[in-house]
Amino acid sequence: MDFLEYSSISSEVRGAMCPGKLKMTDTAIVFKNDKTGKVEQINASDIDLLNYQRCIGSFGLRVFMKNGTLHRFLGFTGDEKKIADFVKKNYKMDMLEKELSTRGWNWGTVHFKGSVLSFDVENKTSFEIPLNHVSQCNAGKNEVTVEFHRNDDAPVSLMEMRFHIPTTESAEIDPVEAFQEQVMKQASVISASGDAIAIFREIHCLTPRGRYDIKVFQSFFQLHGKTYDFKIPTSSVLRLFLLPHKDNRQMFFVISLDPPIKQGQTRYHFLVTLFQMDEETNIELPFTEEELKEKYEDRLTKELSGPVYEVLGKIMKVIINRKLTGPGTFIGNTGTPAIGCSYKAAAGYIYPLERGFIYVHKPPVHIRFEEISSVNFARSGGSTRSFDFEIELKTGTIYTFSSIEKEEYGKLFDFISSKKLHVKNTGKDGKNNYKEDFADSDNEGEPDAYLARVKAEAKERDDGDDDDDSEESTDEDFNPNQQESDVAEEFDSNVESTSEDDSEDGGGGSDDSGKKEKKKEKKEKKERKERKEKKPKKSKTGGPKRPATAFMMWLNATRDKIRKDNPGISITEIAKKGGEMWKELKDKQEWEQKAAKAKEEYAEALKAYKASGGGASADEGGKAASTKRKKEGVPPKKAASAASMTGSGFKSKEYISGDDSSSDGESDDKKNPKKAKKSESGSEAEKSDKKKDDKKKNDEKKSKKDASESEASAESAEEEDEDDEDAGSN
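All figures in this text were calculated on a predicted structure; none of them were measured in a lab.

Quick look at the packing of aromatic side chains
Aromatic ring pairs are defined here through the distance separating the ring centres and the angle between the ring planes. With the rule as written, the count across this model stands at 31 aromatic pairs. With centroids separated by 5.1 Å and ring planes inclined at 85°, the aromatic side chains of phenylalanine 377 and tyrosine 409 adopt a geometry described as edge-to-face. Note that phenylalanine 377 is positioned in strand 29 (residues 372–380) and tyrosine 409 in helix 5 (residues 409–418), a separation of 32 residues in sequence. Look at phenylalanine 377 and you get buried, because its relative accessible area is 2%. By way of ring pairs, the aromatic residues Phe330, Phe357, Phe369, Phe377, Phe387, Phe389, Tyr409, Phe413 and Phe415 are connected into one cluster. One cation-aromatic arrangement involves lysine 23 over phenylalanine 3; the distance from NZ or CZ to the ring centre is 4.8 Å. Over the face of the ring belonging to phenylalanine 64 we find lysine 113, whose NZ or CZ atom lies 5.0 Å from the ring centre.

In structure tokens:
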């Protein structure tokens, strides 16, 4: 088969250049958009003209169709003759160059051919406008204003053009009106003409949110709501999805759009509707049997009945002529193709399909396998009960779906392996190492397998880098693998350095010693943390468990029944419902007897536990601590805080009183509380406290006495001064 294929070609779509791949066969020209995945096929029998025209740095292919539409492809370099020979051989056409005017004049002649407006200067085309990009055309006295649909992907969008049209009195037809009429014939301005093929009332839409009536017409479908009204051409529909909800009682119907619909400044690339599975409808189509056979090849029947989502999906599939995509072969741990997860700030569901992933909803995301560079599994925020699923595209964009239950991991990994997607963090042997991360996750005493594996992968990468750069590397100063490296010290959670960081090199300077002191502090802090983590957790009580009440025994036995009778009920609602049912229960004798029996067994077990010496040390320790607090005069609740203040650098009560009562003859060493000797027994501490209290009282009395004496001496001194002044004046 003879064909030409080009991988870096751009197609013009509403003023934006969309990259993709172009293939020319003996029967058609096929272009596949890299971004949307949309495949556009131009049959050779429908082509009217083929030209090539000069562009910046390359030349472009201009394809004019018999129905009046225009397609332009750019990015060809040096293949003019090859393409011309291929077109002449297979399409039986001569491919000539389309000469463009380079005058730059803004006056000329307008020609309408099919759906293309051509502005010519001196019989050469200055520019061409595809009229199906026009959204509105307004006429003035001597002027016509042409408005265009906006394309969000275009860095610069042409929104409006104005044409001045001179008029003459002798003209029978107004040229302004004639110009406007020609533009509006081919403009993509949707007007609801004729009856709708089918109408679906009060459909629940998630995006855009609200209740809408869906009316299906031949060339478009309409969303009619109380506030907004959308008319969506069938050509803008990319894909249709029919996805079951995780609860098996609802169904998502998703429509992918390009270009998106606009609601104010918000753009919706997906329409997401939600249906109840048990809602049914019956619709009669306004077609005869001959029309159904001729137009739709018997893919539709005159009467359609069944669930609403099924009828809508069938009509949209046939009228729009798009494939209706359902869930693939993947079945998750819950028995459904949906995996519960979170994307950004909202919770939703991700569906692994046969050719991609789709997430619904808020915001909906569709990712095709051919866009994916790699996928990655990661621990979700340090938790072992869930994981994150990351998808990295070839463009560098990363989508992270978090909080996926660990039970879903095995089947999701097998699905990805079957689709031959590259998993970013598998080992060198390509084996699956993630099951180790979730094994025995409830046992907190086990080593962290995830952390160990991440370290091992990092070491492998470092070793690989060292091997690659060993011959070329000349930087000998920086080595993050050295034992004394700041990088290793700061980022490695298990530093195995045995060197003395605080050793003095002699002449290292104050900066070096400061760094070493900081290193030493970090190391000591880390060791304290490790010792604290390694300490075994003590149980609060070693005694027998207290018996359950009659109500709790009854609730434990009835919980499954309540959950079965009320599907979807929460734990708190189960307890509330159980309380109401317990009040209404007349015969409670059975459960009260069970509770009494359990209470007797508990009393016997507790008696045996105490007889064997259990709980004595804890009780004695508690009593001793309480008596000590009483003697020291510290309230029980504040005793812990007082002790912590003492240990954290604040002075305790006894040190404060010691400072206040120090005499003038005491040395600085005695005044310092850090050098005071601590009593080793409880009785000595109590005696010293009593002595200090007595001493404090005496000191207070003495200070009062000294204060009164100093006041009296001051008064007498003032009287003497007054006497001296009087004597001097005399």
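Regarding the sheet that holds strand 12 (residues 134–139)
Read from one edge of the open sheet, three strands run 12-13-14, paired in antiparallel fashion. If you trace the sheet from one side to the other, it starts and ends with strand 12 and strand 14 (160–164), each paired once. Strand-to-strand twist across the sheet, computed as the mean angle between neighbouring axes with direction ignored, equals 15°. Judged from the five bridges that link them, strand 13 (residues 143–148) and strand 14 form a sheet pairing that is antiparallel. Across the sheet, residue glutamate 147 finds its bridge partner in strand 14, namely glutamate 160.

A look at a positive patch on the surface
On the surface, Arg299, Lys314, Lys317, Lys323 and Arg355 cluster together into a positively charged patch. Relative to the assigned elements, lysine 317 resides in helix 4 (residues 308–320). For lysine 317, a relative accessible area of 40% gives the class partly exposed.

A look at the sheet that holds strand 11 (residues 124–130)
Taking strand neighbours across the sheet as the criterion, the three strands line up as 9-10-11 in an open arrangement whose pairing is antiparallel. Looking along the sheet, the strands with just one partner apiece sit at the ends: strand 9 (109–113) and strand 11. Each adjacent strand pair in this sheet contributes to an overall mean axis angle of 25°, direction not counted. Where strand 9 and strand 10 (residues 116–121) come together, five bridges link them in antiparallel fashion. Residue valine 110 lies in a different strand from strand 10, and its bridge partner there is phenylalanine 119.

Things to note about the confidence of the model for the chain
Per-chain confidence: the chain averages 76 in pLDDT, with 69% of residues scoring 70 or above. Segment residues 440–447 is flagged for pLDDT under 50; beyond a separation of four residues in sequence, or across chains, it makes four contacts in the model. Taken as a whole, residues 716–730 scores under 50 in pLDDT and shows zero contacts with residues more than four places along the chain or in a different chain.

Some thoughts on the packing of helix 10 (residues 550–565) against helix 11 (residues 571–584)
Contact pair helix 10 / helix 11: the axes reach a minimum separation of 10 Å and the direction vectors enclose 115°. Here the hand of the crossing between helix 10 and helix 11 comes out right-handed. Contact residues: helix 10 offers Ala550, Phe551, Trp554, Leu555, Thr558, Arg559, Ile562 and Arg563, while helix 11 offers Ile574, Lys577, Gly578, Gly579, Met581 and Trp582. A per-class count over the contact of helix 10 with helix 11 returns eight nonpolar, three polar and three charged.

Observations concerning unusual backbone geometry
In this model, valine 360 is joined to histidine 361 through a cis peptide bond whose omega is -5°. Within the fold, histidine 361 resides in the loop between strand 27 (356–360) and strand 28 (365–368). Backbone torsion omega between lysine 362 and proline 363 reads -10°, so that peptide bond is classified as cis. Positionally, proline 363 belongs in the loop between strand 27 and strand 28. Despite not being glycine, asparagine 123 has its phi angle at roughly 65°, a positive value. With respect to the helices and strands, asparagine 123 occurs in the loop between strand 10 and strand 11. Under the relative-accessibility criterion, asparagine 123 is labelled exposed at 78%. The phi dihedral of serine 403 falls on the positive side, at around 60°, and the residue is not glycine. For serine 403, the position within the fold is in strand 31 (residues 398–405). Accessibility expressed as a relative area gives 40% for serine 403, which makes it partly exposed.

Structural notes on the pattern of salt bridges
Going through the model one piece at a time under the given rule, you end up with 18 salt bridges. Among the salt bridges present, the one from lysine 21 reaches aspartate 34, with a minimum N-O distance of 3.4 Å. Taken as a pair, lysine 21 in strand 2 (residues 16–24) and aspartate 34 in the loop between strand 3 (28–33) and strand 4 (39–43) lie far apart in primary sequence, 13 residues in all. What makes lysine 21 partly exposed here is its relative accessible area of 43%.

Concerning a negative patch on the surface
A surface patch of like charges, here negative, comprises Glu289, Glu290, Glu291, Glu294, Glu297 and Asp298. Looking at the secondary structure, you find aspartate 298 in the loop between helix 3 (289–296) and strand 23 (303–307).

Rules used in this analysis
Residues numbered from 1 in each chain as written. Predicted model: local features only at pLDDT ≥ 70, side-chain atom pairs only at ≥ 80, totals over all residues. Heavy atoms only, no water. Phe/Tyr/Trp six-rings, centres within 6.5 Å; stacked < 30°, edge-to-face > 60°. Helix = DSSP H or I, 4+ residues; strand = E, 2+ residues; numbered from the N terminus. Buried < 20%, exposed > 50% of the residue type's maximum accessible area, 1.4 Å probe, protein only. Lys NZ or Arg CZ within 6 Å of the ring centre and 35° of its normal. Pairing = 2+ DSSP bridges. Axes fitted to C-alpha atoms, helices over the stretch in contact; angles between N-to-C directions. Patch = residues over 30% accessible without salt bridge, like charges linked within 9 Å, V, L, I, M, F, W, Y side chains within 5 Å. Areas by Shrake-Rupley, 256 points an atom, 1.4 Å probe, with all protein chains shown as cover. Salt bridge = Lys/Arg side-chain N within 4 Å of Asp/Glu carboxyl O. Lys, Arg positive; Asp, Glu negative; His and termini not counted. Charge placed at Lys NZ, Arg CZ, Asp CG, Glu CD. pLDDT = per-residue confidence, 0-100. Contact = heavy atoms within 4.5 Å. Left-handed = near helix turned anticlockwise from the far one by under 90°. Nonpolar A, V, L, I, M, F, W, Y, C, P; charged D, E, K, R; others polar.

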